[in-house]
Amino acid sequence: MHGVRGSLAQVKPKDRGQLAEDLRRVYGAQSRKEALQALEELRRAWGARSPRVVEMWWGDSGAFLRFSEYPRVLWPYLRSTNLMERFIREIRRGTKVRDHKFPNPDAVYKLLYLEGERQEGRWSERKLRGFAEAQEVLEKMLQERYASLTQAVTQTS
């Protein structure tokens, strides 16, 4: 996790082991409630010594704990940024080959679109372990999310 590495780099070497253990309690929590309790403990233990580290973790807690709203079997996939990093690497490779010579902005959008289509084809062949178990829950979440959007659109029109 990039945030952990960045946080550990901001403290003294002798404190890194303890900070790593405290951070592990946050991102390794079994529920959102447990993670928030671990964050509060982190704030009490490290707030005076490393306020920037605590502020980073506390300020971003809504974003990095968002995965806890999804079925537990999908948490390892949602915690990781590997797919996004791979996509960005492929975009960079595509622009490097063209030596950053694009005739107009639409050419850049076309490259992004085509690379997205290519990656989607590769991703569609992947089978995520545990997805079949979570599919029903995800479909229900999707219906709830879009039902509220549909209601909002029809009420305003």
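Described in the following lines is the structure provided in the data block. (Residues numbered from 1 in each chain as written. Predicted model: local features only at pLDDT ≥ 70, side-chain atom pairs only at ≥ 80, totals over all residues. Heavy atoms only, no water.)

What to know about the environment of Ala 132
Then, in step 1: Position of Ala 132 among the secondary structure elements: in helix α9 (residues 131–156).
Then, in step 2: Given a relative accessible area of 69%, Ala 132 falls into the exposed group.
Then, in step 3: Counting along the chain gives 79 residues from Ala 132 to Val 53, while the straight-line C-alpha distance between them is 38 Å. (Helix = DSSP H or I, 4+ residues; strand = E, 2+ residues; numbered from the N terminus. Buried < 20%, exposed > 50% of the residue type's maximum accessible area, 1.4 Å probe, protein only.)

Points about a nonpolar patch on the surface
Then, in step 1: Taken together, Tyr 77, Leu 78, Leu 128 and Phe 131 make up a surface patch of nonpolar side chains, about 310 Å² in accessible area.
Then, in step 2: Within the element layout of this structure, Tyr 77 appears in helix α6 (residues 75–79).
Then, in step 3: Owing to a relative accessible area of 31%, Tyr 77 belongs among the partly exposed residues under this scheme. (Patch = residues over 30% accessible without salt bridge, like charges linked within 9 Å, V, L, I, M, F, W, Y side chains within 5 Å. Areas by Shrake-Rupley, 256 points an atom, 1.4 Å probe, with all protein chains shown as cover. Salt bridge = Lys/Arg side-chain N within 4 Å of Asp/Glu carboxyl O.)

Overview of the side chain of Glu 90
Then, in step 1: Inspection of the secondary structure puts Glu 90 in helix α7 (residues 82–97).
Then, in step 2: Here the side chain of Glu 90 touches Arg 93 through a polar contact of 2.8 Å, side chain to side chain.
Then, in step 3: What Glu 90 contacts, discounting residues up to four positions off in sequence, is Glu 115, Arg 118 and Gln 119. (Polar contact = N/O pair within 3.5 Å; in protein donor to acceptor, adjacent residues only side chain to side chain. Contact = heavy atoms within 4.5 Å.)

Overview of the packing of aromatic side chains
Then, in step 1: Under the counting rule described, the total for this entry stands at 0 aromatic pairs.
Then, in step 2: Arg 43 extends its terminal NZ or CZ atom over the ring of Trp 58, reaching a point 4.0 Å from the ring centre.
Then, in step 3: The lysine or arginine in question, Arg 49, covers the ring of Trp 46, its NZ or CZ lying 3.9 Å from the ring centre. (Phe/Tyr/Trp six-rings, centres within 6.5 Å; stacked < 30°, edge-to-face > 60°. Lys NZ or Arg CZ within 6 Å of the ring centre and 35° of its normal.)

Thoughts on the packing of helix α3 (residues 32–46) against helix α4 (residues 51–59)
Then, in step 1: Put simply, α3 and α4 touch, their axes get as near as 9 Å, and they point 165 degrees apart. Classified by the interaxial angle, the pair formed by α3 and α4 is roughly antiparallel. Note that α3 runs across α4; the crossing there is left-handed. Contacts between α3 and α4 involve Leu 36, Leu 39, Glu 40, Leu 42, Arg 43 and Trp 46 from the first element and Pro 51, Val 54, Trp 57 and Trp 58 from the second.
Then, in step 2: The residue inventory of the contact of α3 with α4, partitioned by class, reads 8 nonpolar, no polar and 2 charged. (Axes fitted to C-alpha atoms, helices over the stretch in contact; angles between N-to-C directions. Parallel < 35°, antiparallel > 145°, perpendicular 65-115°, else oblique. Left-handed = near helix turned anticlockwise from the far one by under 90°. Nonpolar A, V, L, I, M, F, W, Y, C, P; charged D, E, K, R; others polar.)

Points about the nonpolar core
Then, in step 1: Among the nonpolar cores identified, the biggest contains 20 residues, and Leu 19, Leu 39, Leu 42 and Trp 57 are the most heavily contacted of them.
Then, in step 2: Looking at this core, the elements with two or more residues in it are α1 (2–8), α2 (16–27), α3 and α4.
Then, in step 3: The leading source of residues in this core is α3, at 5 residues.
Then, in step 4: Excluding its chain neighbours within four sequence positions, the residues that come into contact with Leu 19 are Ser 7, Leu 8, Val 11, Leu 42, Trp 46 and Val 53. (Core = buried A, V, L, I, M, F, W, Y, C linked by side-chain atoms within 4.5 Å.)

Some points on the pattern of salt bridges
A side chain of one charge can pair with a side chain of the opposite charge when the charged atoms of the two come close.
Then, in step 1: In total, this model carries 7 salt bridges according to the counting rule given.
Then, in step 2: Residue Arg 24 is joined to Glu 21 by a salt bridge in which the shortest nitrogen-to-oxygen separation is 2.9 Å. Note that Arg 24 and Glu 21 are positioned in helix α2 at a spacing of 3 residues, about one turn of the helix.
Then, in step 3: Of the residues examined, Arg 24 reaches a relative accessible area of 42% and is grouped as partly exposed.
Then, in step 4: Among the ionic pairs, Arg 44 bridges to Glu 40, the shortest N-O distance being 3.9 Å. In this pair, Arg 44 and Glu 40 both sit in helix α3, 4 residues apart, roughly one turn of the helix.
Then, in step 5: For Arg 44, a relative accessible area of 60% translates into the label exposed.
Then, in step 6: Within this structure, Arg 86, Glu 90, Arg 93, Glu 115 and Arg 118 form a network of salt bridges that share partners.

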